[in-house]
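One letter stands for each residue in the lines below.
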Amino acid sequence: VSFHHYPKLAATQDYESIYYDALDALQRLESLDRRFARFENSIFSETSIQIDRQVQSKEENDDLNKTIDAFLSLLSPYWNLAIAVRAVEWPLRRFQLNIFNSEHLLLSTLAYFDQPIFPHVLYVISDLPKLFSWLVNFKKSGNNPSRNTLVKAFTEVEFFNLYSKFLQDELRHKNQYRKLLLFYVSTSISALATL
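What you see is a predicted model, and the numbers here were worked out from it, not measured in a lab. (Residues numbered from 1 in each chain as written. Predicted model: local features only at pLDDT ≥ 70, side-chain atom pairs only at ≥ 80, totals over all residues. Heavy atoms only, no water.)

Peer 1: Account for the overall build of the protein, naming residues and giving values.
Peer 2: What the protein contains, in helices and strands, is 11 helices and 0 strands. When the elements of the protein are put in sequence order from the N terminus, they spell out α-α-α-α-α-α-α-α-α-α-α. Over its C-alpha trace the protein gives a radius of gyration of 17 Å, about what one expects of a compact globule, namely 16 Å for 195 residues. C-alpha extents for the protein along the principal axes are approximately 50 × 35 × 35 Å. Counting only residues that meet the buried cut, the protein has 46% of its 195 residues in that class. When contacts within the protein are restricted to residue pairs at least 6 apart in sequence, long-range pairs at least 24 apart make up 70% of them. As displayed, the protein offers around 10500 Å² of accessible surface, 54% of which is attributable to carbon and sulfur atoms. (Helix = DSSP H or I, 4+ residues; strand = E, 2+ residues; numbered from the N terminus. Rg over C-alpha atoms; globule rule 2.2 N^0.38 Å. Buried < 20%, exposed > 50% of the residue type's maximum accessible area, 1.4 Å probe, protein only. Contact = heavy atoms within 4.5 Å. Areas by Shrake-Rupley, 256 points an atom, 1.4 Å probe, with all protein chains shown as cover.)

Peer 1: Just give me the short version of helix H2 (residues 15-30), but keep the residues and values in it.
Peer 2: With 16 residues, H2 extends 22 Å from end C-alpha to end C-alpha; this agrees with the ideal 22 Å at 1.5 Å per step. Of the positions making up H2, those classed as buried are Ile18, Tyr19, Ala22, Leu23, Ala25, Leu26, Leu29 and Glu30. When H2 is viewed along its axis, its buried side chains cluster within an angular range of 165° and face the same direction. Contacts from the buried residues of H2 go to helix H3 (58-75) and helix H4 (82-95). The N-terminus of H2 is capped by aspartate 14, whose side-chain oxygen sits 3.1 Å from the backbone nitrogen of glutamate 16. (Expected span 1.5 Å × (residues − 1). Arc of directions from axis to C-beta. Polar contact = N/O pair within 3.5 Å; in protein donor to acceptor, adjacent residues only side chain to side chain.)

Peer 1: Describe in detail the pattern of salt bridges, supporting the description with residues and values.
Peer 2: Under the definition given, this model contains 8 salt bridges. Its salt-bridge partner being arginine 28, residue aspartate 24 comes within 3.0 Å of it at the nearest N-O pair. On the criterion of helical spacing, the pair formed by aspartate 24 and arginine 28 is a turn pair, its members being 4 residues apart in helix H2. Overall, arginine 28 belongs to the partly exposed group, its relative accessible area being 45%. Across the pair arginine 93 and glutamate 89 runs a salt bridge whose closest N-O atoms are separated by 3.1 Å. Of this pair, arginine 93 and glutamate 89 both sit in helix H4, 4 residues apart, which is roughly one turn of the helix. (Salt bridge = Lys/Arg side-chain N within 4 Å of Asp/Glu carboxyl O.)

Peer 1: Report on the packing of aromatic side chains, specifying residues and quantitative values.
Peer 2: Think of a pair of aromatic rings as described by two things: how far the centres are apart, and how the planes are tilted against each other in angle. Per the counting criterion, the structure on display carries 21 aromatic pairs. Between tyrosine 15 and tryptophan 90, the aromatic rings sit 5.9 Å apart at their centres with planes inclined by 85°, giving edge-to-face as the arrangement. With tyrosine 15 in helix H2 and tryptophan 90 in helix H4, this pair connects stretches of sequence that are 75 residues apart. Looking at tyrosine 15, the relative accessible area reads 38%, which means it is partly exposed. Taking 5.4 Å as the distance between ring centres and 75° as the angle between the ring planes, the aromatic pair formed by phenylalanine 39 and phenylalanine 71 counts as edge-to-face. (Phe/Tyr/Trp six-rings, centres within 6.5 Å; stacked < 30°, edge-to-face > 60°.)

Peer 1: Provide a residue-level description of H4, including the pertinent values.
Peer 2: End to end, H4 covers 20 Å across 14 residues, agreeing with the expected 20 Å (1.5 Å per residue, within 8%). Of all the bends found along H4, the most pronounced is centred on valine 88 and spans about 25°, while proline 91, a proline, follows it within four residues. By the criterion of burial, H4 is predominantly enclosed, with 12 of the 14 residues buried. Buried within H4 are the following residues: Ile83, Ala84, Val85, Ala87, Val88, Glu89, Trp90, Pro91, Leu92, Arg93, Arg94 and Phe95. Positive phi shows up at glutamine 96, right after H4, with a value of about 50°. (Bend = angle between axes of the 7 residues up to and from the residue.)

Peer 1: Tell me about the nonpolar core, residues and numbers included.
Peer 2: Soluble globular proteins: nonpolar side chains tend toward being buried together. Residues Phe36, Phe44, Phe71, Trp79, Leu106 and Tyr163 are the most contacted members of the largest nonpolar core, which totals 59 residues. Breaking this core down by element, the ones donating at least two residues are H2, H3, H4, helix H6 (102-109), helix H7 (117-124), helix H9 (147-154), helix H10 (157-172) and helix H11 (178-194). Broken down by element, this core gets its largest block of residues, 8 residues, from H4. Those residues within four positions of leucine 106 in sequence are excluded, and the remaining contacts are Phe118, Val121, Leu122, Ile125, Leu128, Pro129, Phe132 and Leu135. (Core = buried A, V, L, I, M, F, W, Y, C linked by side-chain atoms within 4.5 Å.)

Dropping the structure here:
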C-alpha cells in the first residue's frame, strides 16, 4: 500500500530508498515549520528502519501511535504539497499508519475532502473506522465525497463530537490553519441548518 501515484514503481522501492526520500521531504517541510525537526529523532531516525511493531511492547506502540498522530496533525496544512505525500510514505510503509492511525489520518485530511489527495487517503486505509463508515462508497469508487455527504456526517452527534475534539486538540497544539477552521465552521453551520 502506498500513496505513490505509480503502484508498480512503489512496489519496487526498498525501505532504504523510501526512507531517504521521505527524510528529504521532511527536511523540506522543516523550512515551512521548524517543529517537523523533532520527528528526525523518532519516526524518521535511522534506527526507525529497525522498528517492528510486532515485537514492541504495548507502551512502545502507544508512544509510536502518539508520535505518528502528532506528525499527521502537523502535516495537515500541507496535504496539497508533494513533499507532504513523500514524507508520509515512510510512516505509512514502515509503521502501517493506514491501519494503526487510520482515524487520525482521516481527521487530519478531511478538510481536503474535495481535493485529489483524499481518494488516495481512502485507498490506503484497509478498514474504515466505525465513525467513518459513511465514506465506504467513496472508498470503493475512488471518488471524492460530496459536500452534502459531509454535512450529513456532521449532523451525527458522535461524529461531530469526534471532529470537534480533534479541532480542539489542534488548536491547543497550535496546529490550526485557515482551511481547517473554514471547513469546520462552514460544515457545522450547514449541519445545524439542516437540523
